[in-house]
Amino acid sequence: MNLTHPYPTQKPSILIVDDDQLSVDALHRALKREFEVFTATNTKDAENILRYEYVQVVMSDHRMPNETGVAFLTRVRAEWSNVIRILISGYSNHTDTVQGNNDAGIFQNMQKPWNPERVILTLKNAVELFELQRQNHLLSVELKVASSSLKQKIEQKQT
């Protein structure tokens, strides 16, 4: 079974969700050399991107007009559980951080203003985690298939 990236010629893919178009544009410029960057300024557009594009990491702003980043990433966790989730916020609130970690399975909480090198490093680590989880899943499936096949061979030899 081939455990390499399903799209080996493409850069790792990330989705940035932030209602502030200037923040989205700045992050896109900072990240486009290293990543395939999808952007959305609302959660509805972000969900459409998740439905139709191969996304490994979602980085969402916390405070948006119609929905918090934690609520959105909680939904992402439920519908696209393999996607790594990062919350970025200009506000520091311990309750939100704990809720985000518990409900949304946040990989990392990042504070604004963000440092481009730190964002890139965090995203690279998130992509690496995504790939490790994907390979772990593939190995688990392969082990189940091999175990079943071995069991059948043993049963055939016993009869």
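Procedures and definitions
- Residues numbered from 1 in each chain as written.
- Predicted model: local features only at pLDDT ≥ 70, side-chain atom pairs only at ≥ 80, totals over all residues.
- Heavy atoms only, no water.
- Buried < 20%, exposed > 50% of the residue type's maximum accessible area, 1.4 Å probe, protein only.
- Helix = DSSP H or I, 4+ residues; strand = E, 2+ residues; numbered from the N terminus.
- Arc of directions from axis to C-beta.
- Polar contact = N/O pair within 3.5 Å; in protein donor to acceptor, adjacent residues only side chain to side chain.
- Phe/Tyr/Trp six-rings, centres within 6.5 Å; stacked < 30°, edge-to-face > 60°.

### Digging into helix α1 (residues 21–31)
Part 1: Along α1, the positions that sit buried rather than exposed are S23, V24, L27 and L31. An end-on view of α1 places all buried positions within 100° of arc, on one side of the element. Turned more than 90 degrees away from the buried face of α1, the exposed residues are L22 and R29.
Part 2: Its side-chain oxygen at 3.0 Å from the backbone nitrogen of L22, D20 defines the N-terminal cap of α1.

### Some details on the packing of aromatic side chains
Part 1: Scanning all chains against the criterion turns up 1 aromatic pair.
Part 2: For the ring pair Y54 and F130, a centre distance of 6.0 Å and an interplane angle of 85° mean the geometry is edge-to-face. In this pair, Y54 is assigned in the loop between α2 (43–52) and β3 (57–61) and F130 in helix α5 (residues 116–158), connecting sequence segments 76 residues apart.
Part 3: Here Y54 falls in the partly exposed class, since its relative accessible area comes to 24%.

From the geometry alone we can't say anything about function, so treat these as descriptive.
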